[in-house]
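Summary of the model geometry
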Amino acid sequence: MIYSRAQLPGLSDCTVGVDPRKAEALFRQLLHQEVNSTREQPIFTTRAHVFQIDPTTKKNWVPASKQAVTVSYFYDVIRNSYRIISVDGAKVIINSTITPNMTFTKTSQKFGQWADSRANTVFGLGFSSEQQLTKFAEKFQEVKEAARLARDKSQEKIETSSNHSQASSVNGTDDEKASHASPVDTHLKSENNKLKIALTQSAANVKKWEIELQTLRESNARLTTALQESATSVEQWKRQFSICRDENDRLRHKIDELEEQCSEINREKEKNTQLKRRIEELESELREKETELKDLRKQSEIIPQLMSECEYVSEKLEAAEKDNQNLEDKVRSLKMDIEESKYRQRHLNPCRRGCARCQTAVPPRLRDRSLLSLLWPFETGGRVSKRHAQVTGE
């Protein structure tokens, strides 16, 4: 059986950027091993992170691969054995032959391990999901059971062949020896034919691999040039990034300054708003004052007339005050006369006609009949005294 490039162990995981010498050595190694690899076939393949136990501490796990790699079960048709093989690039990290005594243990939901006494180590696999771990564990158990059955069958064959050889030695016949040797020769011939066919096919594939190796070399050269250009571009991008970072810092400072200016503008707007309100209030007060001023101006037009009237009234008031003063003087003198008259009347009781008997007691000012007739009714209350009536005969 001839494997394709994708089926060869380690070839599918090789990157184009590998050193051409290493790639050529890998191809030669794979070409050398193809004759032996035709008898092994992959029966199950998955991907996982590979770990090995630390040989010094026997406790810590050491990563055997930097990333998830292909882990496969292989079946050897001739030996009737099973192996777990994993290749990371050009390095074989797992080559473990499964025996019936091995046990695969699940230590977590996505991690499992088994011990290989022949390799004197413990392998660990970290899967991306619990389902992959379950499938791998089930396949391990299945392969382990198949290995046990193969061991039992091989033991039975050994026992049968040993018994047969003992019987042939006892009988000692040449025919039996010939019959016993003929199946082995037939098997060897068939294996030889298979090897010849595989070798012929491998020689035919050498040219293809050489062409592919040349293609890989050319690709590697192109990738090297691209890598150099990428390195140059990286330097340019670094410089551009530094310039952009400085520009970003400058813009941030500018934004901070603009924010401060905006805050100052907002404060100025608030002040302007307050000033506008104050101006509106002052304008309203000014309009009120102008209205009052107009009223005062209207009133000021009436003031001269009022002044003239006031002067006229004040002149009349002065004249009235003078008349009042004169009247008060007259009233005062009249009151004095009345008091004197009352006093005289109480003591003298003069008659109304001014008889000779009473004329001497009346003051000279009251002897006039006209004046006495004016004051007499106020003094007597409109009644004539009895003495006056007796004198005058009234």
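Now for a quick tour of the structure. Computed from a predicted structure; not experimentally measured.

Observations concerning the environment of K58
Within the secondary structure, K58 sits in the loop between β1 (40-53) and β2 (61-63). By relative accessible area, which is 47% here, K58 ends up partly exposed. With 64 residues separating them in the primary sequence, K58 and V122 have C-alpha atoms 8.9 Å apart. Ignoring any residue separated from it by four or fewer positions in sequence, one finds K58 in contact with I53 and N120.

A closer look at the environment of T99
Secondary-structure assignment places T99 in the loop between β5 (91-97) and β6 (105-106). Looking at T99, the relative accessible area reads 18%, which means it is buried. Separated by 45 residues in the primary sequence, T99 and K144 have C-alpha atoms spaced 6.3 Å apart. Sequence-distant contacts of T99, defined by excluding residues within four places in its chain, comprise R118 and K144.

Structural notes on a negative patch on the surface
Together, D256, E257, E259, E260, E264 and E268 make up a negatively charged patch on the protein surface. Within the secondary structure, D256 sits in helix α3 (residues 174-348).

About the cut-offs
Residues numbered from 1 in each chain as written. Predicted model: local features only at pLDDT ≥ 70, side-chain atom pairs only at ≥ 80, totals over all residues. Heavy atoms only, no water. Helix = DSSP H or I, 4+ residues; strand = E, 2+ residues; numbered from the N terminus. Buried < 20%, exposed > 50% of the residue type's maximum accessible area, 1.4 Å probe, protein only. Contact = heavy atoms within 4.5 Å. Patch = residues over 30% accessible without salt bridge, like charges linked within 9 Å, V, L, I, M, F, W, Y side chains within 5 Å. Areas by Shrake-Rupley, 256 points an atom, 1.4 Å probe, with all protein chains shown as cover. Salt bridge = Lys/Arg side-chain N within 4 Å of Asp/Glu carboxyl O. Lys, Arg positive; Asp, Glu negative; His and termini not counted. Charge placed at Lys NZ, Arg CZ, Asp CG, Glu CD.

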